[in-house]
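Chains, contacts and geometry: an overview
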Amino acid sequence: MYGMVNQAVRSLVVEQHGDDVWGEIRDRAGAPDTFAAMQPYDDAITYDLVDAASSILGAPPEVVLFLFGEYWVHNIATAHYEQLMSSTGTTFNDFVRNLDHMHQRIRVSFPDYRPPSFRVVELDDSTLQVDYYSERDGLLPFVEGLFTGLGEHFGVKLTIERVPDDEVPLPCKRLVVRLERSAA
């Protein structure tokens, strides 16, 4: 993964738990203190950071990944990539339907980028079936956190249901996302 991902993990930990906790996590993961944003790093570094954070913070890795997904939307994407965000969609549904297109635009800047892919089927006005494909295992909680953060960004409350793997054609992971419009 690119350094910007690991930098964001660092930022999340420092903002919510302080420099000392980041130091513990970094040391346990055997990771550097900082990362070059545009440089690719071995995925193992990110996974090791998640495992170390899980151990030190006393939260399952799935929770760490989910919180990181929310953090990415609220603190990284909207703060640093607003133009990309706004050009991807102005509603939650449009944004999620255009994720693959957004990832293709990102590839221009990151030649070694290996993005996930999403196939979205609108089951009805408030329900999406999202098939998620990735060569990286174990990141579905991160995607769920991203979607939750995106729902908040677009002013909708979501419920996300995982479809059991034995009911889905491999290698995809399937989510059913139900939207409830928030009163504004």
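All values derive from a computational prediction rather than experimental measurement. (Residues numbered from 1 in each chain as written. Predicted model: local features only at pLDDT ≥ 70, side-chain atom pairs only at ≥ 80, totals over all residues. Heavy atoms only, no water.)

We now examine the packing of helix H1 (residues 3–17) against helix H3 (residues 43–57). In the contact formed by H1 and H3, the axes pass within 10 Å of each other and the chain directions differ by 15°. Considering the angle they form, H1 stands roughly parallel to H3. Both H1 and H3 take part in a crossing whose hand is left-handed. Counted together, Val-5, Asn-6, Val-9 and His-17 of H1 and Ile-45, Thr-46, Leu-49 and Leu-57 of H3 form the full contact between these two elements. Partitioned by chemical class, the residues of the contact of H1 with H3 number five nonpolar, three polar and no charged. (Axes fitted to C-alpha atoms, helices over the stretch in contact; angles between N-to-C directions. Helix = DSSP H or I, 4+ residues; strand = E, 2+ residues; numbered from the N terminus. Parallel < 35°, antiparallel > 145°, perpendicular 65-115°, else oblique. Left-handed = near helix turned anticlockwise from the far one by under 90°. Contact = heavy atoms within 4.5 Å. Nonpolar A, V, L, I, M, F, W, Y, C, P; charged D, E, K, R; others polar.)

As a further point, take helix H4 (residues 61–80). Three or four residues apart is the spacing at which side chains of an α-helix point the same way, because the helix has 3.6 residues per turn. At Trp-72, H4 shows its maximal kink, close to 40°. Taken together, the buried residues of H4 touch H1, H3, helix H5 (82–88) and helix H8 (140–153). (Bend = angle between axes of the 7 residues up to and from the residue.)

Following the criterion strictly, the structure yields seven aromatic pairs and no others. Here the aromatic rings of Phe-68 and Trp-72 are separated by 6.1 Å at their centres, their planes lie at 65°, and the arrangement is edge-to-face. Residue Phe-68 and its partner Trp-72 are both found in helix H4; the two are separated by four residues, about one turn of the helix. For the pair Phe-68 and Trp-72, one class covers both residues: buried. Taken together, the ring pairs in this structure connect Phe-92, Phe-118, Tyr-132 and Phe-147 into an aromatic cluster. (Phe/Tyr/Trp six-rings, centres within 6.5 Å; stacked < 30°, edge-to-face > 60°. Buried < 20%, exposed > 50% of the residue type's maximum accessible area, 1.4 Å probe, protein only.)

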